[in-house]
Amino acid sequence: MSEENTKNFQNLQKKFGRFRILIIGHANACKTTILQRICNSTEKPEIYNGDGNKIDPSQVEGSRGQGIHNIENELIFWCNQKLVFHNSQGFEAGRENEFLQMKKFIADCVRTTMLKKRIHAIWYCIPMDKLNRAIQRSEEMFFEECDPGIGKLSAIMVFLN
């Protein structure tokens, strides 16, 4: 990286702080595994509430290894603290309330004047472990009804096998 590019990158880091990603997908879609690989970690992330206070992991453990997610919580891996992840609770099978919470969260993050709280990208994880898997209604809803910031935010589909 050239000296000028390095300086520009450092200025952006000062301005925006951390890079924030909202990860969306069904329960057991291997979202945490993807985050671990991106951050080169085998550990689970530390979880912080919207005010920056650390949350006891036992408070967010669900049954069968699935977490109970609050989209407002920040997931941060100790080995890569420049990335902050937000995990939406699954809204498959017609979970309207979770879908509306996710839409509101995206809208709030795009409109905020606090640059350090803005979401920079959305990763929508779609498991492709079943042959001839059809796009499900929850995925259609997201791409039809959710406007990720009127061009201010990238939504990236991540196909998992």
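In what follows, the structure referred to is the one given above.
Criteria and cut-off values
Residues numbered from 1 in each chain as written. Predicted model: local features only at pLDDT ≥ 70, side-chain atom pairs only at ≥ 80, totals over all residues. Heavy atoms only, no water. Helix = DSSP H or I, 4+ residues; strand = E, 2+ residues; numbered from the N terminus. Buried < 20%, exposed > 50% of the residue type's maximum accessible area, 1.4 Å probe, protein only. Core = buried A, V, L, I, M, F, W, Y, C linked by side-chain atoms within 4.5 Å. Contact = heavy atoms within 4.5 Å. Axes fitted to C-alpha atoms, helices over the stretch in contact; angles between N-to-C directions. Parallel < 35°, antiparallel > 145°, perpendicular 65-115°, else oblique. Left-handed = near helix turned anticlockwise from the far one by under 90°. Expected span 1.5 Å × (residues − 1). Patch = residues over 30% accessible without salt bridge, like charges linked within 9 Å, V, L, I, M, F, W, Y side chains within 5 Å. Areas by Shrake-Rupley, 256 points an atom, 1.4 Å probe, with all protein chains shown as cover. Salt bridge = Lys/Arg side-chain N within 4 Å of Asp/Glu carboxyl O.

Let us look at the overall build of the protein. Within the protein, the secondary structure is distributed over four helices and six strands. For the protein, the succession of helices and strands along the chain, N to C, is α-β-α-β-β-β-α-β-α-β. In the protein, buried positions account for 38% of the 161 residues.

For asparagine 40, which is not a glycine, the phi torsion comes out positive at approximately 55 degrees. With respect to the secondary-structure elements, asparagine 40 resides in the loop between helix H2 (31-38) and strand E2 (46-48).

In this section: the nonpolar core. Counting residues in each nonpolar core, the largest one holds 17 residues, and the members touching the most others are Leu22, Ile24, Met102, Ile106, Ile122 and Phe142. When contributions to this core are tallied by element, the ones reaching two or more residues are strand E1 (19-25), helix H3 (96-111), strand E5 (121-127) and helix H4 (137-145). Tallying contributions element by element places H3 first for this core, with six residues. Counting 16 residues, the second-largest nonpolar core is a separate cluster that includes Ile21, Ile23, Leu35 and Leu160.

Attention shifts here to the environment of aspartate 129. Within the element layout of this structure, aspartate 129 appears in the loop between E5 and H4. Taking C-alpha positions, aspartate 129 is 7.2 Å from leucine 160, a pair spaced 31 residues apart along the chain. Apart from the residues lying within four places of it in its own chain, the contact partners of aspartate 129 are Leu160 and Asn161.

The contact between H3 and H4 brings their axes to 12 Å, and the two run at 30 degrees. With respect to H4, the element H3 is oriented roughly parallel. Both H3 and H4 take part in a crossing whose hand is right-handed. Each of Glu96, Phe99, Met102, Lys103 and Ile106 in H3 lies in contact with H4, whose residues at this interface are Met141, Phe142 and Glu145.

The terminal C-alpha atoms of H3, which comprises 16 residues, lie 23 Å apart, in line with the 22 Å expected from a rise of 1.5 Å per residue. For H3, the full list of buried residues reads Glu98, Phe99, Met102, Phe105, Ile106, Ala107, Cys109 and Val110.

Where nonpolar side chains cluster on the molecular surface, the patch consists of Met128, Ile135, Phe143, Met157 and Phe159 and spans about 450 Å² of accessible area. Here methionine 157 is to be found in strand E6 (residues 154-160).

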